[in-house]
Amino acid sequence: MASQERMLTSPDGTRIWAESNGNTSKPAIVFVHGLSCTALGWDRQFADAELQRDFHLVRYEMRGHGRSSKYFTEEGYESRRIAEDFKTVCDAFGVVKPFLMGWSLGGAIVVDVVTAYGVEYLSGIIYVGGSIVALHYHGPCRHPVMTELFPIITSLTSDDLSDGAERFVDSCVAAPLSYPDKLSFMGGFLMQPRAARYWSLKRKQDHSVWERDARPLPVLVVQGTEDLHCLYETMISIARRVYDRVEVKMMPGIGHSPHFESPEETNRTVTDWVKKIVAQ
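What counts, and where the lines are drawn
- Residues numbered from 1 in each chain as written.
- Predicted model: local features only at pLDDT ≥ 70, side-chain atom pairs only at ≥ 80, totals over all residues.
- Heavy atoms only, no water.
- Phe/Tyr/Trp six-rings, centres within 6.5 Å; stacked < 30°, edge-to-face > 60°.
- Helix = DSSP H or I, 4+ residues; strand = E, 2+ residues; numbered from the N terminus.
- Buried < 20%, exposed > 50% of the residue type's maximum accessible area, 1.4 Å probe, protein only.
- Lys NZ or Arg CZ within 6 Å of the ring centre and 35° of its normal.
- Expected span 1.5 Å × (residues − 1).
- Contact = heavy atoms within 4.5 Å.
- Pairing = 2+ DSSP bridges.
- Axes fitted to C-alpha atoms, helices over the stretch in contact; angles between N-to-C directions.
- Salt bridge = Lys/Arg side-chain N within 4 Å of Asp/Glu carboxyl O.
- Core = buried A, V, L, I, M, F, W, Y, C linked by side-chain atoms within 4.5 Å.
- Parallel < 35°, antiparallel > 145°, perpendicular 65-115°, else oblique.
- Nonpolar A, V, L, I, M, F, W, Y, C, P; charged D, E, K, R; others polar.
- 1 Å grid on protein atoms, 1.4 Å probe; cavity = no way out; pocket = protein on both sides within 12 Å on 5 of 7 lines; lining within 4 Å.
- Points joined across faces, edges and corners; volume = space filled by probe spheres on them.

Colleague: Quick question: what am I supposed to make of the packing of aromatic side chains here?
Modeller: The description of an aromatic ring pair uses the distance of the two centres, along with the angle that the planes make with each other. Applying the stated rule across the entire model yields 16 aromatic pairs. Taking 6.4 Å as the distance between ring centres and 75 degrees as the angle between the ring planes, the aromatic pair formed by Trp103 and Phe185 counts as edge-to-face. With Trp103 in strand β5 (residues 99–103) and Phe185 in helix α8 (residues 179–190), this pair connects stretches of sequence that are 82 residues apart. Like Phe185, Trp103 is buried. Geometrically, the ring pair formed by Phe185 and Phe260 is edge-to-face, given 5.1 Å between the ring centres and 75 degrees between the ring planes. With Phe185 in helix α8 and Phe260 in helix α12 (residues 258–261), the pair connects residues that are 75 residues apart, well separated along the chain. Among the residues examined, Phe260 registers a relative accessible area of 11% and is labelled buried. Through pairs of rings, three or more aromatic residues link up here, namely Phe31, Trp42, Phe46, Trp103, Phe185 and Phe260. The cationic tip of Arg44 hangs over the ring face of Phe260; the distance from NZ or CZ to the ring centre is 3.9 Å.

Set out below in structure tokens:
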């Protein structure tokens, strides 16, 4: 299937950029990027021939990010609106019961979706790169490096913000990025308004329905040992408390972005796990 890019409209009028690729007759994986990033972070998955053959690949840019609409107040980031964006993307591409693959902040979207539409809406969850399993648990799982960076990356002072952007991007990986890759990451960061960054993390999110009902969902955690954004042992322990079936793939020497730093291993791991879940 040829790639199909669309600018969609969520129920509240928010414009959401999205793309579909791969085999539409196969199980769908919806990829949700992290804070201050864009869907370009999934390029190494969307270029993978095996993933394209075996799955329907869908990615989009969350409100407040990339090519999607950006809001400057908390009201623009209500949980039900976040869930509606996800459903809008699924409906546009005919996706039913997808696997949700969330990188970092993208993992928290699971809570919004389960709260709005129930656990039956998803087939499973893939948390990659120190995912935030729920905004409620971001504090206990936040690495000290990220705790130090947060006031800087939400600063109103432009010089502080530029410095914060570079430090934030550098902390996303274990080995230094190439200059073109670094500029691509920083571009996604700097095109996002400070308020959008702030409310994407600080918005209200009720985790009670998710924590009560999400237990049956199968979960894969793909995690680097050198993650500077997440205290991953705490995150994994929370996931194992909420979900009955949690499989963990640890990647030595990899940082906060396993899908970018080690795409071949990540893609193989995801392929094997999704096929196993579908076959059950």
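From this point, the narrative continues.
Colleague: Whenever I open this one, helix α3 (residues 79–92) confuses me. Can you help?
Modeller: One turn of an α-helix holds 3.6 residues; hence residues three or four places apart share an orientation. Here α3 contains 14 residues, and its C-alpha end-to-end distance of 20 Å stays within 8% of the 20 Å for a straight helix at 1.5 Å per residue. Within α3, 10 of the 14 residues are buried, which leaves it mostly tucked inside the rest of the structure. For α3, the secondary structure elements touched by its buried residues are β1 (4–9), β2 (15–22), β3 (28–32), β4 (56–60), β5 and α4 (109–117). Once α3 finishes, Gly94 follows within two positions and takes phi at roughly 65 degrees, a positive value.

Colleague: Looking at this model, I keep getting lost on the sheet that holds β1. Mind explaining?
Modeller: Across a sheet, strands are paired by hydrogen bonds formed along the backbone, either parallel or antiparallel in direction. One open sheet accounts for 8 strands, arranged β1-β2-β4-β3-β5-β6-β7-β8; its pairing is mixed. Here the strands that pair on one side only, and so sit at the sheet edges, are β1 and β8 (246–251). For this sheet, the mean angle separating the axes of adjacent strands, direction not counted, is 20 degrees. Where strand β6 (residues 124–128) and strand β7 (residues 219–224) come together, 4 bridges link them in parallel fashion. The partner of Ile126 across the bridge, within β7, is Leu220. Contacting β7 and β8, helix α11 (residues 232–242) crosses the sheet at an angle of about 165 degrees to β8.

Colleague: Is there a simple way to think about the pattern of salt bridges in this case?
Modeller: Pairing between side chains of opposite charge can happen when the charged atoms of each approach one another. In this structure the tally under the stated criterion is 23 salt bridges. Of the charged contacts, one joins Glu19 and Arg59 as a salt bridge, the two residues approaching to 2.8 Å between their closest N and O atoms. One end of the pair, Glu19, is in strand β2; the other, Arg59, is in strand β4, and 40 residues separate them in sequence. You'll find Glu19 and Arg59 in the same group, each marked buried.

Colleague: Whenever I open this one, the nonpolar core confuses me. Can you help?
Modeller: General note: in soluble globular proteins, nonpolar side chains tend to be found buried as a group. Residues Tyr60, Phe86, Trp210 and Tyr243 are the most contacted members of the largest nonpolar core, which totals 86 residues. Looking at which element gives the most residues to this core, the answer is α11, with 6 residues. Discounting residues that sit within four places of it in the chain, Tyr60 has contacts with Ile16, Trp17, Ala18, Val30, Phe31, Val32, His33, Ala39, Phe86, Val89 and Ile109.

Colleague: Explain the packing of α3 against α4 here, please?
Modeller: Any two packed helices are characterised by the angle at which their axes cross and by the distance between the axes. Interhelical geometry of α3 versus α4 gives an angle of 90 degrees and a closest axis separation of 8 Å. As far as their axial angle goes, α4 and α3 are roughly perpendicular. Mapping the contact onto sequence places Ser79, Ile82, Ala83, Glu84, Phe86 and Lys87 in α3 and Ile109, Asp112, Val113, Ala116 and Tyr117 in α4. Looking at side-chain class alone, the contact of α3 with α4 contains 7 nonpolar, 1 polar and 3 charged residues.

Colleague: Sorry if this is basic, but what is going on with empty space enclosed by the protein here?
Modeller: In this approach, a probe sized like a water molecule rolls over the atoms, and the result shows the empty space that is left. Throughout the structure, instances matching the rule amount to 2 cavities of 30 Å³ or more. Estimated volume of the largest cavity: approximately 150 Å³. Around the largest cavity, the lining comprises 19 residues; the ones closest to its centre are Ser104, Ile132, His138, His229 and His256. A breakdown of the residues in the lining of the largest cavity according to their chemical character gives 11 nonpolar, 7 polar and 1 charged. Each pocket or cavity is described by its volume, and for the second largest cavity that value is around 70 Å³. Together, Met62, Arg63, His65, Tyr77, Ile82, Leu105, Ile109, Ser200 and Arg203 line the second largest cavity. Counted by class, the lining of the second largest cavity contains 5 nonpolar, 2 polar and 2 charged residues.

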